[in-house]
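# Survey of secondary and tertiary structure
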Amino acid sequence: MQDKRLQESVGYALVRAFRTVNRGTTRALSAHELSAEQAHILLILWSNGPMKVGELQRTLALGSGTLTGALDRMEKASLVRRSPDPNDGRAYLVEPAPFDSKKKQRIERTLEGIERDSFAMLTTRERAELFRLLTKLAGE
């Protein structure tokens, strides 16, 4: 790469790092017949319980079209279900479908392994600093 604007671009480096981690995640999750996106949606729902679609969208930082498409595919595959929110007639709640606990544990272990392996070249201190900086960038 000749252009210093790209060589020294934090944004470009961040996109490349994301793609590297995402490809590894996709490969590792293929054994579970899940995409990276689907696994992260399930992980959020397993951790937080049923959520409104808008809340899930904000948590995942996904566009509404992207999330709607993912939820449509996941509902068709019986991974999640959407039901009317009893407290808000205009909204839907998304919840994970009942899952075999052993399969759920394997998926969670796979995601933990991806996290560990993707950042293995960083020290504990570097990982903490990277997390701090990325969280700051995300406005959290």
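Residues numbered from 1 in each chain as written. Predicted model: local features only at pLDDT ≥ 70, side-chain atom pairs only at ≥ 80, totals over all residues. Heavy atoms only, no water.

## Here's the deal with the sheet that holds strand E2 (residues 80-85)
Formally: Pairing between strands is defined by DSSP: at least two bridges between the two strands are required. Put simply, DSSP marks the helices as runs of H or I at least four residues long and the strands as runs of E at least two long, and each gets a number from the N terminus on. Working rule for contacts: check all heavy atoms of both residues, and any pair within 4.5 Å makes them a contact. Here the axes come from fitting lines to C-alpha atoms, over the contacting stretch only for helices, and the angles between their N-to-C directions go from 0 to 180 degrees.
Pairing within the open sheet is antiparallel, and its three strands lie in the order E1-E3-E2. Looking along the sheet, the strands with just one partner apiece sit at the ends: strand E1 (51-52) and E2. Judged from the six bridges that link them, E2 and strand E3 (residues 88-96) form a sheet pairing that is antiparallel. Across the sheet, the residue bridging to Val 80 is Pro 96, located in E3. This element, helix H5 (residues 64-76), spans E2 and E3 of the sheet and lies at about 115 degrees to E2.

## Here we look at the layout of surface pockets
The line we're drawing: In this analysis, the protein atoms alone were mapped onto a 1 Å grid. Cavities are point sets where a 1.4 Å probe fits without being able to get out; pockets are open sets with protein on both sides within 12 Å along at least five of seven lines; lining residues have an atom within 4 Å of a point. Grid points are joined across faces, edges and corners, and a volume is the space filled by probe spheres set on the points. Throughout this entry, Asp, Glu, Lys and Arg are counted as charged residues, while Ala, Val, Leu, Ile, Met, Phe, Trp, Tyr, Cys and Pro are counted as nonpolar. The remaining residues, Gly among them, count as polar.
Each pocket or cavity is described by its volume, and for the largest pocket that value is around 1,600 Å³. When contributions to the lining of the largest pocket are tallied by element, the ones reaching two or more residues are helix H2 (10-29), helix H3 (36-48), helix H4 (53-60), helix H6 (101-118) and helix H7 (124-137). Counting residues per element, the lining of the largest pocket draws most heavily on H2, at eight residues. Partitioned by chemical class, the residues of the lining of the largest pocket number 21 nonpolar, five polar and six charged.

## Focus on unusual backbone geometry
Residues other than glycine seldom take positive phi values, yet Ala 61 does so here, at roughly 55 degrees. With respect to the helices, strands and loops of the structure, Ala 61 is situated in the loop between H4 and H5. For Ser 78, which is not glycine, the phi dihedral falls at a positive 60 degrees. In this fold, Ser 78 is placed in the loop between H5 and E2.

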